[in-house]
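So the chains spell out like this:
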Amino acid sequence: MLTMATFITKIAIIYAFLAIFLSADIGVFQGVESFGINYGQVANNLPQPDKVLELLSTLKLTKTRIYDTNPEILSAFANSNIEIIVTVENEILSQLDDPQQALQWVNSRIIPYLPGTKITGVQVGNEVFTDDDTTLIQHLVPAVVNIHNALAQLGYSNIKVSTPSSLAVLDQSYPPSAGSFKSEISGIMYQFLNFLSSSKSPFWINAYPYFAYKDDPNTIPLQYVLFNPNAGMVDPYTNLHYDNMLYAMVDAVSFAIAKMGFKGIEVRVSETGWPSKGDADEVGATPMNAATYNRNLLRRQMANEGTPLNPRMRLEVYLFALFNEDLKPGPTSERNYGLFRPDESMTYNVGLSALATSSASTSSSSISLASSGAKIKVAAPWECKSLVNLMFVYVLISTLYG
């Protein structure tokens, strides 16, 4: 028979258990964020790959993309938790429309590093649809298909093959529902989308609100492009509200894909960022704006946000870039997109340094950047509460009558 003293003791145990459980902030009801960073190498002063791996690990970044298949990087990243996307250089696309050469490329550039190095994707070329060399576009789809088939033949069909495009592939992007591809690339774009649909691969877009603002700072609100609080805009045809330009750009691509007759192709951002320095005519290229854009983007990633068109599909984003690259041609801004200088000091602080701490937090300065599936479901507060209540009842019964 249960005495009063025993009953009180067991009730105390129950409350102690609940106190521990509720204070643990276990986070099982939170979707897991995914965030990557582009690791460019157009520089003569960057740290060695093993030092870069240490930096990424310290920051708890688990996804990166490189613009080639640098063997030093692929070897250095072996047996780490870093997922890496590699790139086929534009210059060799014409060779890879031959299936045998594509197979040879995969055998020499990818296979030697598997499975130790977590190669999760191959980007075939970069912004090929809008490259100055208009002959490249004819080789794109055959190269993509051949690389995919070679990987599948060798047992690595899980490595997704695609290509990143610039926003210039769109004939219209505003409002988002008007998004459509340029007519001159529609034929090859259809072939490419058909491949993505059949292989369940994503459409990658390089999307830079900075460029839009720089070109028209008197019309485009700075707060809108920086993710800061603002009135935003409403698409008159869908009534969807946009409070930032990046999401509007992504949805414009989704609408363009739909107009080509495809659905279910996920749009991901292969590059976005903001320069911390620019020439006199590069309006807005300042450390403050760069820090604001990237910090706000990180907060959106922490919240596992989707776009207005696909609110339940977490938008995957790769930030450009890890380092400032001193050998990049073009205006000053091109050499000043990095979160870090080559000596690994921060160009500006976006909160990533807080990731080095061991304590997990849901604050804006501590952001989990582990990879996850694209579709997420965050439990409603009542669902979380119900689960806690059920556990309480279970523990109560087990303790009192166990």
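About the cut-offs
Residues numbered from 1 in each chain as written. Predicted model: local features only at pLDDT ≥ 70, side-chain atom pairs only at ≥ 80, totals over all residues. Heavy atoms only, no water. Core = buried A, V, L, I, M, F, W, Y, C linked by side-chain atoms within 4.5 Å. Buried < 20%, exposed > 50% of the residue type's maximum accessible area, 1.4 Å probe, protein only. Contact = heavy atoms within 4.5 Å. Phe/Tyr/Trp six-rings, centres within 6.5 Å; stacked < 30°, edge-to-face > 60°. Helix = DSSP H or I, 4+ residues; strand = E, 2+ residues; numbered from the N terminus. Pairing = 2+ DSSP bridges. Axes fitted to C-alpha atoms, helices over the stretch in contact; angles between N-to-C directions.

Asker: Hey, could you run me through the nonpolar core in this one?
Answerer: A general tendency of soluble globular proteins is for nonpolar side chains to be buried together. If you look at the biggest cluster of nonpolar residues, it comprises 102 residues, and the most contacted ones within it are Ile 110, Val 122, Val 124, Ile 147 and Phe 203. Leave out the neighbours within four places in its chain, and Val 122 touches Ile 85, Val 86, Val 88, Trp 105, Ile 110, Ile 147, Leu 151, Ile 159, Lys 160, Val 161 and Ser 162.

Asker: Quick question: what am I supposed to make of the packing of aromatic side chains here?
Answerer: One pass over the full model with this rule turns up 17 aromatic pairs. Arranged with centres 6.3 Å apart and planes meeting at 35°, the rings of Tyr 213 and Trp 274 form a pair that is tilted. Residue Tyr 213 is found in helix α7 (residues 209–215), and its partner Trp 274 is found in the loop between β12 (267–272) and α10 (287–302); the two are separated by 61 residues along the sequence. For the pair shown, Tyr 213 and Trp 274 are each scored as buried. With centroids separated by 5.6 Å and ring planes inclined at 65°, the aromatic side chains of Phe 320 and Tyr 337 adopt a geometry described as edge-to-face. Remark: Tyr 337 occurs in the loop between β13 (317–319) and α11 (381–401) and Phe 320 occurs in the loop between β13 and α11; sequence separation between them is 17 residues. No difference in accessibility class separates Phe 320 from Tyr 337, as the two residues are buried.

Asker: How should the sheet that holds strand β4 (residues 118–124) be read in this particular structure?
Answerer: The strands making up a sheet associate through backbone hydrogen bonding, with each pair oriented either parallel or antiparallel. Spatial strand order, β5-β4-β3-β2-β1-β13-β12-β9-β6: nine strands in an open sheet with parallel pairing. Each edge of the open sheet carries a strand with a single partner, namely β5 (160–162) and β6 (164–166). Strand after strand, the sheet turns through a mean of 25° between neighbouring axes, direction not considered. When strand β3 (residues 83–88) meets β4, the two strands line up parallel, connected through six bridges. Bridge pairing links Thr 87 to Gln 123 in β4.

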